[in-house]
Amino acid sequence: MRFTNTQQQNIYTVSRLNNEVRLILEESFQYVWVEGEISNFAAPNSGHWYFSLKDAAAQVRCALFRGNQRSLGFLPKDGLHVLIRAKVSLYPNRGEYQLIADHMEERGEGKLRRAYELLKQKLEAAGLFAEAHKKPLPVFPKQIGVVTSATGAAIRDILTVLKRRYACVPVIIYPTLVQGATAAPAIVKAIQTANCRNECDVLIVARGGGSLEDLWPFNEEIVAHAIYQSNIPVISGVGHEVDFTIADYVADKRAATPSAAAEMVTPDWNELLQTLNRQQQQILRLVHNKLSSSKQHIIWMQKHLHQQHPKRRLNEKMQKLDFCEITLFQLQNRLLNKLQHKVKEMEAKLYRFTPEHKIQRLLNQMNFNQQQLSACMSAQLIRKQTMLANAAARLDALSPLATLQRGYAIATTKDHHVVRVANKVKPGDELIVKVMQGTIYCEAKKIEE
């Protein structure tokens, strides 16, 4: 098959085809709103976000560039249900069409959860959850008000529990919507009506279980303020045990279910009977104890009257007088002994200041000093004698006589110079040799060194 020149001019490259398709898509779709679930979310270092948006039957690739992320109040993740505003485009490198998003918002339960947390933080900061504002519940309510749907399962459960536990209490129902867009204003109106009529002394605000969206009217700010401003104590019994609403935090008491709220607001009839029986037994014991105490008191009064008899009191006075007399005698003896001791001390002090005592003290001191002087002189004499003996011994050790006594001799010349070396003497010289006993005069015959 051959192509003409005109046909050859209309042959597209892949790049040209992708670029022209991209232009067609971008011109055909200005902006579209697309809802779906995020999958394959990626956030590379460039700061751009890439993800797929899918529903039950299809998916499309999306991109959200870094400059458009500032207005988002949450971080996207896989599984999050969102609504995006985007331009339809095509990525030429892969030939895949994609959505270039410039806005994203949460949808479904995720959005409600976020709104719930934001409102909870706001009201907590405003003090609506503070324990100081919680009102106590009446122990025995005279009339109970219930704000709920008149046809729902919650009112049937509440009435069943009240009939079983406390059938004598009247119940006033303030019917209201508990689900839907208009439910929150209706709940507020019912609470305000109950406060204006002031017929009951406790109020139950309740509904059965459901999804977060079903329970949402009880997470509205206007409902929270209506409960907070209520002059009647409010018990919140919304949903199941795992469900927590804003109304639970603002209410004076939170019950896990509507039935639990009915149990919380009323005393149990059987428990009351048991309490009355216990109190009756307690009163009987108190009466018995009071009678026994009165009997003991009468016996004590009789003994006390006997103790107050004049004769008994006279004997006690006489005994007290004897005791005082003995005590006075003991005090007198102690005082006399003290004075005698004082006199002896004064005599001893006076004796220490008499001349005789002073002379005796000086004589004793003189005798002591003489003994000390004699002892010092004896010790000094002994020390000097020892020193003399030691000096004589050293002198004797150094004396030439001691050397002679050991058998040695001292040779001197005729002019009395000691001969210490042999070369100082010549043959024929006269020598004087001193020995231990006597002196020898001799002449040197031969000299040997």
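Structure: see above.
Predicted, not measured: the structure shown is a model, and the values here were computed from it.

K.L.:
Break down the overall build of the chain for me, with residues and values.
P.N.:
Along the chain, the regular secondary structure elements total 12 helices and 13 strands. For the chain, whose C-alpha radius of gyration is 64 Å, the value lies well above the compact-globule estimate of 22 Å for 449 residues. Expressed along its principal axes, the backbone C-alpha trace of the chain runs to roughly 170 × 140 × 35 Å. Expressed as a percentage of its 449 residues, the buried residues of the chain come to 27%. Sequence-distant contacts in the chain: of pairs separated by 6 or more residues, those separated by 24 or more amount to 59%. Total accessible area on the chain is roughly 32000 Å²; 56% of this is exposed by carbon and sulfur atoms. Each charge sign in the chain was given a centre, from 58 positive and 42 negative side chains, and these centres are 13 Å apart.

K.L.:
Can you break down a nonpolar patch on the surface residue by residue, with the values?
P.N.:
Taken together, the side chains of Trp269, Leu273 and Leu276 define a hydrophobic patch exposed on the protein surface, amounting to about 300 Å² of accessible area. Mapped onto the elements of the fold, Leu276 is located in helix H9 (residues 269-307).

K.L.:
Before we move on, can you summarise the pairing of strand S12 (residues 430-435) with the specific residues and values?
P.N.:
Two faces make up the sheet, and in a regular strand the side chains alternate between them. In this sheet, S12 lies alongside strand S11 (residues 410-413) in antiparallel orientation, the contact comprising 4 bridges. What sits directly across from Ile410, in S12, is Lys434. The pairing of S12 with strand S13 (residues 438-443) spans 6 bridges and is classified as antiparallel. Paired with Lys434 across the bridge in S13 is Thr439.

K.L.:
Before we move on, could you go through the sheet that holds S12 and cite the residues and values that matter?
P.N.:
With antiparallel pairing, the 3 strands of this open sheet are ordered in space as S11-S12-S13. Across the chains shown, the open sheet's two edge strands, defined by having one partner strand only, are S11 and S13. The mean inter-strand angle of the sheet, taken between neighbouring strand axes irrespective of direction, is 25°.

K.L.:
Residues and numbers for the pattern of salt bridges, please.
P.N.:
For the structure on display, the rule yields 9 salt bridges. The residue Glu96 makes a salt bridge to Arg61 at a minimum N-O spacing of 3.1 Å. With Glu96 in strand S5 (residues 96-106) and Arg61 in strand S3 (residues 59-64), the pair connects residues that are 35 residues apart, well separated along the chain. Classification of Glu96 as partly exposed rests on a relative accessible area of 30%. The residue Glu221 makes a salt bridge to Lys122 at a minimum N-O spacing of 3.1 Å. Of this pair, Glu221 sits in helix H6 (residues 221-228) while Lys122 sits in helix H3 (residues 108-126), and the two are 99 residues apart along the sequence. For Lys122, a relative accessible area of 47% translates into the label partly exposed. Several salt bridges share partner residues, and in doing so they unite Arg61, Arg94 and Glu96 into one network.

K.L.:
A description of the sheet that holds strand S7 (residues 171-175) should follow, citing residues and the corresponding values.
P.N.:
The 5 strands are arranged S7-S6-S8-S9-S10 in an open sheet whose pairing can be described as parallel. The outermost strands of the open sheet, each flanked by one partner alone, are S7 and strand S10 (253-254). In this sheet, strand S8 (residues 202-207) lies alongside strand S6 (residues 144-148) in parallel orientation, the contact comprising 4 bridges. When the bridges of S8 are listed, Val146 appears paired with Ile204. Sheet contacts for helix H5 (residues 183-197): S6, S7 and S8; angle to S7, the most-contacted strand, approximately 145°. Its contacts with the sheet put helix H8 (residues 258-265) on S6, S8, strand S9 (234-238) and S10, and the angle it makes with S8 is roughly 165°.

K.L.:
Explain the packing of H5 against H6 residue by residue, including any values.
P.N.:
At a minimum axis distance of 9 Å, the contact between H5 and H6 shows a crossing angle of 10°. Of the possible angle classes, the one that applies to H5 and H6 is roughly parallel. Between H5 and H6, the residues in contact are Ala184, Pro185, Ile187, Val188 and Ile191 and Ile222, Val223, Ala226 and Ile227, respectively.

K.L.:
Report on the packing of aromatic side chains, specifying residues and quantitative values.
P.N.:
Applying the stated criterion across every chain, the model contains 4 aromatic pairs. An aromatic cluster of three or more residues is present, and its members are Phe41, Trp49 and Phe51. Between Arg85 and the ring centre of Tyr31, over which it is positioned, the NZ or CZ distance is 5.4 Å.

K.L.:
An account of unusual backbone geometry is requested, with residue identities and associated values reported.
P.N.:
The residue Asn40 is not glycine, and still its phi comes out positive at about 55°. We note that Asn198 has phi near 50°; this positive angle belongs to a residue other than glycine. By secondary structure assignment, the location of Asn198 is in the loop between H5 and S8. Given a relative accessible area of 56%, Asn198 falls into the exposed group.

K.L.:
I'd like to hear about the nonpolar core, residue by residue, with values.
P.N.:
By size, the foremost hydrophobic cluster in this structure holds 33 residues, and its most contacted members are Val147, Tyr174, Ile191, Leu203 and Ile227. The element best represented in this core is H5, accounting for 6 residues.

K.L.:
Can you break down the side chain of Asn195 residue by residue, with the values?
P.N.:
In this fold, Asn195 is placed in helix H5. At 2.9 Å, the side chain of Asn195 and the backbone oxygen of Ile191 are in polar contact. A distance of 3.4 Å separates a polar atom in the side chain of Asn195 from the backbone nitrogen of Ile232.

Calculation rules
Residues numbered from 1 in each chain as written. Predicted model: local features only at pLDDT ≥ 70, side-chain atom pairs only at ≥ 80, totals over all residues. Heavy atoms only, no water. Helix = DSSP H or I, 4+ residues; strand = E, 2+ residues; numbered from the N terminus. Rg over C-alpha atoms; globule rule 2.2 N^0.38 Å. Buried < 20%, exposed > 50% of the residue type's maximum accessible area, 1.4 Å probe, protein only. Contact = heavy atoms within 4.5 Å. Areas by Shrake-Rupley, 256 points an atom, 1.4 Å probe, with all protein chains shown as cover. Lys, Arg positive; Asp, Glu negative; His and termini not counted. Charge placed at Lys NZ, Arg CZ, Asp CG, Glu CD. Patch = residues over 30% accessible without salt bridge, like charges linked within 9 Å, V, L, I, M, F, W, Y side chains within 5 Å. Salt bridge = Lys/Arg side-chain N within 4 Å of Asp/Glu carboxyl O. Pairing = 2+ DSSP bridges. Axes fitted to C-alpha atoms, helices over the stretch in contact; angles between N-to-C directions. Parallel < 35°, antiparallel > 145°, perpendicular 65-115°, else oblique. Phe/Tyr/Trp six-rings, centres within 6.5 Å; stacked < 30°, edge-to-face > 60°. Lys NZ or Arg CZ within 6 Å of the ring centre and 35° of its normal. Core = buried A, V, L, I, M, F, W, Y, C linked by side-chain atoms within 4.5 Å. Polar contact = N/O pair within 3.5 Å; in protein donor to acceptor, adjacent residues only side chain to side chain.

All we've got here are geometric facts, nothing functional implied.
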